[in-house]
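# Overview (structure and organization)
The chain contents come next:
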Amino acid sequence: MASAGIDDVRAWILGRHPDRTTIAPDENLIESRLVDSLSFVELVYAIEGASGVEVDFDTIDIQDFQTLSSIEKAFFATTRIA
Amino acid sequence: MTSRMVSKLIDQDDRFLGILDRLTTKSIDDYYNPYKLFEWPQSLPAAMWWMSPELTTTHGTEAAERLTQEQLYALSRHESINFYSLNVHGIRELLIEVTKRIHTTGFETPSEFFHHFIGEENEHMWFFAEFCLRYGRKIYRQPVGASVEIPRSHVESLLVFARILIFEELVDHFNSRMALDERLDETIRAINRIHHQDESRHIAFGRELVTVLFEDVKRTSSDEELKEIADYLRRYLTFSFESLYNPQVYRDAGIENPLDLRRELLESPARVEFERSVFRKTSKFLEKTGLI
Ligand SMILES: [Fe+2]
Ligand SMILES: [Fe+2]
């Protein structure tokens, strides 16, 4: 569901890190090792699944994937309610 | 790990030195001109398997039962283009890493073999890319974030060569089977056969080098660090295997919800069996050396 959007992405990341219960919107996902090169593609697929939009691998800007809030801005901006 | 220590370990290892010699000689004897070797027909028939059906991601799953024979052929075509695309990207990454190390401290002795390795990989990359562009009209992309960063510097070389080995063994599982599969077109069998021939040398070399590098790392690392290496390599095995399941492939084969199909296939019982068979030899080697 597109409206759940960023919450789905957060849940997906948390699902892979049972030691964590929350992720702050501006926490750096890569520095904190919540996402690394081996899970990056899966993160892209999780975003595609949650947003319903196909991400173009050729034009990916790694900056868009740094934090939950940058992901939200890049991929869910139009569906943001609160 | 200290580079000088690695040099010393290699130079005292008669078994490794003997193998290096034999593999280098074989590289010279088996040398071929890839640019003249293949025939490259205008097109390959669409209504046949492009990949051994047992090696496709839908094999043995409920999803396969929902597809027509024609769809399964199309899927095998796109999956084969994906497989060769993975080779192109994997080779780019390994060429970068091996090129960084040739003729540097620690790698004096294997550098002679690195020349053959780099030369051969460049040629492999060419014929795989050629196949994709001729018969698939594209190379499937990899997102930039997936080009692999190395977690910790003093074990960097070990992880680099362990990754190369895992990648080459995965590919070889496919090559060795498809080279012999009479259901496949001769062009497909030929590239798989030629690649398998070269990769037998690379894999034999990789196993020796990884063993030596690990010997050094083992001595200088804590249990905690060794566990981290094992965890990383286990994740790398899964990552490599799952890259065979490309939603773009399912989309190109006309499947409506590619991400849903991917998830269904990854969660299917057939996946467990498939993964086990792909990495049967690799896991055995990694377990035996104590890497995982
Ligand atoms: Fe190769
Ligand atoms: Fe190779």
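None of these values were measured; they are calculated from a predicted model. (Residues numbered from 1 in each chain as written. Chains lettered and ligands numbered in written order. Predicted model: local features only at pLDDT ≥ 70, side-chain atom pairs only at ≥ 80, totals over all residues. Heavy atoms only, no water.)

### Concerning the overall build of chain A
Put simply, the rule is: Numbering goes from the N terminus for both helices and strands, where a helix is a DSSP run of H or I of at least four residues and a strand is a run of E of at least two. Note that the radius of gyration is over C-alpha atoms, with the globule rule given as 2.2 Å times the number of residues to the power 0.38. In this scheme, a residue with accessible area under 20% of its type's maximum is buried, one over 50% is exposed, and one in between is partly exposed, where area comes from a 1.4 Å probe on protein chains only. For this analysis, residues touch if any pair of their heavy atoms sits within 4.5 Å.
Counting secondary structure elements, chain A contains three helices and zero strands. Counting from the amino terminus, chain A carries its helices and strands in the arrangement α-α-α. Its C-alpha atoms give chain A a radius of gyration of 12 Å, near enough to 12 Å, the size a compact globule of 82 residues would have. Taken over 82 residues, chain A has a buried fraction of 45%. Intrachain contacts of chain A at a sequence separation of at least 6 include 55% that bridge at least 24 residues.

### Section: unusual backbone geometry
Even without being a glycine, His103(B) presents a positive backbone phi close to 55°. Relative to the helices and strands, His103(B) resides in the loop between α5 (69–101) and α6 (111–136).

### Considering helix α8 (residues 186–220) of chain B
Residue and element names in this part refer to chain B. Quick note on the threshold: Helix span, expected: 1.5 Å multiplied by one less than the number of residues in the helix. To get the bend at a residue, fit one axis to the 7 residues ending there and another to the 7 starting there, then take the angle between the axes. Here a polar contact is taken to be a pair of N or O atoms separated by no more than 3.5 Å, where protein atoms must pair a possible hydrogen donor with a possible acceptor and residues adjacent in sequence count only if both atoms sit in side chains.
Here α8 spans 50 Å end to end across 35 residues, near enough to the 51 Å set by a 1.5 Å rise per residue. Glu199 marks where α8 bends most, by close to 30°. With a side-chain oxygen positioned 2.9 Å from the backbone nitrogen of Thr187, the residue opening α8 is Asp185.

### A word on a positive patch on the surface
All names here are of chain B. Where we set the bar: Here, patches come from residues exposed beyond 30% relative accessible area and free of salt bridges, joined within 9 Å for like charges and within 5 Å for nonpolar side chains (Val, Leu, Ile, Met, Phe, Trp, Tyr). In this description, accessible areas are obtained by the Shrake-Rupley approach with a 1.4 Å probe, and a residue is regarded as covered only by the protein chains that are shown. Whenever Lys or Arg places a side-chain nitrogen within 4 Å of a carboxyl oxygen from Asp or Glu, that contact is recorded as a salt bridge. Counted as positive: Lys and Arg. Counted as negative: Asp and Glu, with His and the chain ends omitted from the count. Taken as the charge location is NZ of Lys, CZ of Arg, CG of Asp or CD of Glu.
Together, Arg177, Arg280, Lys281, Lys284 and Lys288 line one region of the surface with positive charge. In terms of residue count, helix α13 (residues 280–289) provides more of the positive patch than any other element does, four residues in total. When you line up the elements, Lys284 lands in helix α13.

### Brief notes about the interface of chain B and chain A
What counts here: By buried area we mean the combined loss of accessible area, with a 1.4 Å probe, across both parts when two parts are placed together. Under the scheme applied, nonpolar residues are Ala, Val, Leu, Ile, Met, Phe, Trp, Tyr, Cys and Pro; charged residues are Asp, Glu, Lys and Arg; polar residues are all the others, including Gly.
Taken residue by residue, the interface counts 21 residues in chain B and 16 residues in chain A. The contact between chain B and chain A buries some 1600 Å² in all, and 58% of this surface belongs to carbon and sulfur atoms. When residues of chain B are sorted by the area they lose upon contact with chain A, Pro143(B), Arg235(B) and Leu259(B) head the list and together hold 30% of the total. Where chain B packs against chain A, one counts four salt bridges. It is helix α9 (residues 223–242) of chain B that provides the largest number of residues to the side of chain B that touches chain A, a total of five residues. Among the residues forming the side of chain B that touches chain A, the class breakdown is 10 nonpolar, five polar and six charged.

### Section: the confidence of the model for chain B
Selection rule: Values of pLDDT, ranging from 0 to 100, describe the predictor's confidence in every residue of the model.
Overall, the prediction assigns chain B a mean pLDDT of 95, with 98% of residues at 70 or greater. Two summary scores accompany this predicted model of the complex, namely pTM at 0.95 and ipTM at 0.91.

### Concerning the coordination of the iron ion (ligand 2)
All names here are of chain B. Selection criterion: Donor atoms (N, O, S) are those found within 2.8 Å of the metal centre, with the cutoff raised to 3.2 Å for Na, K and Ca; water is not part of the atom list, so apparent gaps in a site can occur.
Within the protein, Glu121 (OE), Glu168 (OE), Glu199 (OE), Glu199 (OE) and His202 (ND1) serve as the donor atoms for the iron ion (ligand 2), at 1.8 to 2.3 Å. Of note, the iron ion (ligand 2) draws all its donor residues from one chain, in the sequence arrangement E-x46-E-x30-E-x2-H. Separating the iron ion (ligand 2) from the iron ion (ligand 1) is a distance of 3.3 Å, and Glu121 supplies a donor atom to each of them. Highlighted residues: Glu121 in helix α6 and Glu199 in helix α8, separated in sequence by 78 residues. When sorted by exposure, Glu121 lands in the same class as Glu199, which is buried.

### Digging into the layout of surface pockets
As a reminder of what qualifies: Both cavities and pockets are sets of points on a 1 Å grid over the protein atoms alone; in a cavity a 1.4 Å probe fits but cannot get out, in a pocket the set is open with protein on both sides within 12 Å along at least five of seven lines, and lining residues sit with an atom within 4 Å of a point. Grid points are joined across faces, edges and corners, and a volume is the space filled by probe spheres set on the points.
Considered as a void within the structure, the largest pocket measures approximately 1000 Å³ in volume. As for the largest pocket, its lining consists of 40 residues, of which Glu42(A), Tyr45(A), Ala46(A), Arg262(B) and Leu266(B) are closest to the centre. Every element with two or more residues in the lining of the largest pocket is listed here: α1 (6–16) and α2 (37–51) of chain A together with α5, α9 and α11 (258–267) of chain B. Considering only residue class, the lining of the largest pocket consists of 17 nonpolar, 10 polar and 13 charged.

### Some points on the nonpolar core
Formally: Nine residue types can take part in a nonpolar core, namely buried Ala, Val, Leu, Ile, Met, Phe, Trp, Tyr and Cys, and a core is a set of them joined through side-chain atoms within 4.5 Å.
If you look at the biggest cluster of nonpolar residues, it comprises 119 residues, and the most contacted ones within it are Val9(A), Ile13(A), Tyr84(B), Phe131(B), Phe161(B), Phe174(B) and Leu233(B). In this structure Tyr84(B) touches Phe128(B), Phe131(B), Cys132(B), Met178(B), Ile188(B), Ile191(B) and Asn192(B), once residues within four positions along its chain are discounted.

### As for the packing of aromatic side chains
For clarity, the cut-off: Each Phe, Tyr or Trp ring, with Trp reduced to its six-membered ring, pairs with another whose centre is within 6.5 Å; inter-plane angles below 30 degrees give stacked pairs, above 60 give edge-to-face pairs, and intermediate values give tilted ones.
According to the stated counting rule, one finds 27 aromatic pairs over all chains in the structure shown. With a centroid separation of 6.4 Å and an interplanar angle of 25°, the aromatic rings of Tyr45(A) and Phe57(A) are classed as stacked. Of this pair, Tyr45(A) sits in helix α2 while Phe57(A) sits in the loop between α2 and α3 (68–75), placing them 12 residues apart in sequence. Of the residues examined, Tyr45(A) reaches a relative accessible area of 10% and is grouped as buried. In this structure Phe57(A) comes out as buried when scored by relative accessible area, which is 14%. Both rings, one in Trp50(B) and one in Tyr135(B), keep their centres 6.4 Å apart while their planes meet at 80°; by these two values the pair is edge-to-face. Remark: Tyr135(B) occurs in helix α6 and Trp50(B) occurs in the loop between α3 (34–37) and α4 (62–65); sequence separation between them is 85 residues. Comparing Trp50(B) with Tyr135(B), the two get one shared label, buried.

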